[in-house]
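If you want the building blocks of each chain, they are given just below.
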Amino acid sequence: MGDPILSVKNLTVHFHTEAGVVKALEDVSFSVGQGEVLGLVGETGCGKSVTALSVMRLIPTPPGRIVGGTIHFDGRDVLALSEEEMRSLRGKDMAMIFQDPISSLNPVFTAGYQVEEAIVTHEAVPRREDLIARVTGLFKKVNISDPEKSVRSYPHMLSGGMKQRVMIAMGLSCSPRLIIADEPTTALDVSIQAQILSLIRRLQMEGGSSVLLISHDLGVIAAMAQTVAVMYAGSIVEKTSVKTLFDRPLHPYTRGLLGAIPRLDVDQERLSVIPGTLPDLFNLPRGCKFRERCSEALPLCAEGRPLLAEIEPGHEVACYARA
Ligand SMILES: Nc1ncnc2c1ncn2[C@@H]1O[C@H](COP(=O)(O)OP(=O)(O)OP(=O)(O)O)[C@@H](O)[C@H]1O
Ligand SMILES: [Mg+2]
């Protein structure tokens, strides 16, 4: 597959708040290959969006600070780039599709104008007719109904699904090499969700771009990604192919997540849920962060933090009970 387009190593991010230091990410490492879709999954507050924002260098500072680790995009050291270099990278080479299309669009400009702006920020497009034709073409590509009219519509005139399509058109406007999609369908109805996911998948395959897909929904990840990283309380606890994760999950947290998915082929009286809640990120326990919710915890798990280790080829797990 060649060199990865994105390589994150030991990323550690803290937020300094009045209540104390939130340890949002700790030693997060993963990479996304050329043309690969990597899924990042985990429950709310585990650090998925902070990971995405760190890669785009959009962590609000203060209160946030990247306190350790490295991020390389296409061989470039992202944390060493100037703000200007970063601005030219964002939108052009790496684009982000956010969780909430409704608040990401500006209500006072037409949908078409906002996509035009995204293009002219990065490219000199001389003629306005060309620009409008390009945006209309993009709207067609993402299946926006009546593209000629929709480019002239204001966001409030479009449905939630159409607004998300506008955001995707904006994200794709400069053919980025990496698309970061942070819960791109969470705000949408289930039927629209499926359409948007198949759209992202089709565009990814056509354009050959790489995708970091963030979701709390393992079903979404299974449908879209080749590889999946499971996050828990700011750390990656398991990383492998989607197939292996579903066939042979090893981390007790992943097993719990999979157990919480309803299945039609097994007689389940009720869904198993993982007991307890995420640990306090202000005051993390010693040892494994999952220990207090884990039915397999060993005395060793209270001593140190297990690191991700390759337990079988292509299958990394951070768990002393599995090592
Ligand atoms: N600006 C901020 N100030 C303080 N803490 C923050 C800030 N942004 C994020 N955090 C904290 O970092 C942790 C990780 O948050 P993050 O938004 O990455 O979670 P997430 O996995 O994306 O959750 P969700 O599924 O709800 O989107 C949380 O505990 C959150 O409170
Ligand atoms: Mg989030």
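Residues numbered from 1 in each chain as written. Chains lettered and ligands numbered in written order. Predicted model: local features only at pLDDT ≥ 70, side-chain atom pairs only at ≥ 80, totals over all residues. Heavy atoms only, no water.

(A) Quick peek at the overall build of the protein. Of regular secondary structure, the protein possesses 11 helices and 12 strands. Here the protein has a C-alpha radius of gyration of 21 Å; the compact-globule value for 323 residues is 20 Å, and the two agree. Projected onto its principal axes, the C-alpha positions of the protein cover 70 × 50 × 45 Å. Within the protein, buried positions represent 49% of all 323 residues. Put simply, of all contacts in the protein between residues at least 6 apart along the chain, 64% involve residues at least 24 apart. Looking at the protein as shown, the accessible area adds up to about 15,500 Å², and 54% of this sits on carbon and sulfur atoms. On the protein, the mean spot of the 33 positive side-chain charges and the mean spot of the 37 negative ones are 1 Å from each other. (Helix = DSSP H or I, 4+ residues; strand = E, 2+ residues; numbered from the N terminus. Rg over C-alpha atoms; globule rule 2.2 N^0.38 Å. Buried < 20%, exposed > 50% of the residue type's maximum accessible area, 1.4 Å probe, protein only. Contact = heavy atoms within 4.5 Å. Areas by Shrake-Rupley, 256 points an atom, 1.4 Å probe, with all protein chains shown as cover. Lys, Arg positive; Asp, Glu negative; His and termini not counted. Charge placed at Lys NZ, Arg CZ, Asp CG, Glu CD.)

(B) Just the layout of surface pockets, in detail. Of the voids in this model, the largest pocket is the one considered here, and its volume is about 570 Å³. Looking at the largest pocket, it is lined by 24 residues, and the ones nearest its centre are R90, G91, A118, H122 and M170. Elements represented by at least two residues in the lining of the largest pocket include exactly α2 (83–89), β6 (94–97), α4 (111–122) and α7 (160–172). Ranked by the residues each element gives to the lining of the largest pocket, the list is headed by α4, at 5 residues. Each residue belonging to the lining of the largest pocket can be placed in one class, and the counts come to 10 nonpolar, 9 polar and 5 charged. Computed from the structure, the second largest pocket encloses a volume of approximately 300 Å³. In terms of lining residues, the second largest pocket is bounded by 18 residues, among which S235, I236, P306, L307 and L308 are the most central. Going through the elements one at a time, β2 (20–32) and β10 (235–241) are the ones with two or more residues in the lining of the second largest pocket. Residue classes in the lining of the second largest pocket are distributed as 10 nonpolar, 4 polar and 4 charged. (1 Å grid on protein atoms, 1.4 Å probe; cavity = no way out; pocket = protein on both sides within 12 Å on 5 of 7 lines; lining within 4 Å. Points joined across faces, edges and corners; volume = space filled by probe spheres on them. Nonpolar A, V, L, I, M, F, W, Y, C, P; charged D, E, K, R; others polar.)

(C) Focus on the sheet that holds strand β5 (residues 76–77). With antiparallel pairing, 4 strands are arranged side by side in an open sheet as β2-β1-β4-β5. Every interior strand has two partners, whereas the edge strands, β2 and β5, have only one. The pairing of strand β1 (residues 6–17) with β2 spans 9 bridges and is antiparallel. Across the sheet, residue F15 finds its bridge partner in β2, namely V22. Along the sheet, helix α1 (residues 48–55) makes contact with β1, β2 and β4 (64–73), crossing β1 at roughly 110 degrees. (Pairing = 2+ DSSP bridges. Axes fitted to C-alpha atoms, helices over the stretch in contact; angles between N-to-C directions.)

(D) Examining the site of ligand 1 more closely. Neighbouring ligand 1 are 16 residues; T44, G45, K48, S49 and V50 lie closest to it. One of the side-chain nitrogen or oxygen atoms of T44 is found 2.5 Å away from an oxygen atom of ligand 1. Within the backbone of G45, a nitrogen or oxygen atom sits 2.8 Å from an oxygen atom of ligand 1. Here ligand 1 loses 68% of its free accessible area of 640 Å² to cover by the protein chains. Put simply, the parts of the chain that give the shell around ligand 1 at least two residues each are β1 and α1. With 3 residues, the single largest contributor to the shell around ligand 1 is α1. Considered class by class, the residues forming the shell around ligand 1 number 7 nonpolar, 6 polar and 3 charged. (Near = heavy atom within 4 Å. Polar contact = N/O pair within 3.5 Å; in protein donor to acceptor, adjacent residues only side chain to side chain.)

(E) Representation of the packing of α7 against helix α8 (residues 190–207) in the model. Where α7 meets α8, the axes come as close as 11 Å, and the angle between the chain directions of the two elements is 15 degrees. For the element pair α7 / α8, the angle class is roughly parallel. You can see that α7 and α8 cross each other, and the crossing is right-handed. Of the residues in α8, those touching α7 at G161, Q164, R165, I168 and L172 are I192, Q195, I196, L199, I200 and L203. When the residues that make up the contact of α7 with α8 are grouped by side-chain class, the tally is 7 nonpolar, 3 polar and 1 charged. (Parallel < 35°, antiparallel > 145°, perpendicular 65-115°, else oblique. Left-handed = near helix turned anticlockwise from the far one by under 90°.)

(F) Quick peek at the nonpolar core. Counting 90 residues, the largest nonpolar core has L6, F30, F139, I168 and I180 as its most contacted members. Looking at this core, the element that brings in the most residues is α7, giving 7 residues. (Core = buried A, V, L, I, M, F, W, Y, C linked by side-chain atoms within 4.5 Å.)

(G) Representation of the packing of α4 against α7. Put simply, α4 and α7 touch, their axes get as near as 9 Å, and they point 20 degrees apart. The angle between α4 and α7 falls in the class roughly parallel. Viewed along their axes, α4 and α7 form a crossing whose handedness is right-handed. Along the contact surface, α4 presents A111, Q114, V115 and A118, while α7 presents V166, A169 and M170. Across the contact of α4 with α7, the residue classes tally to 6 nonpolar, 1 polar and no charged.

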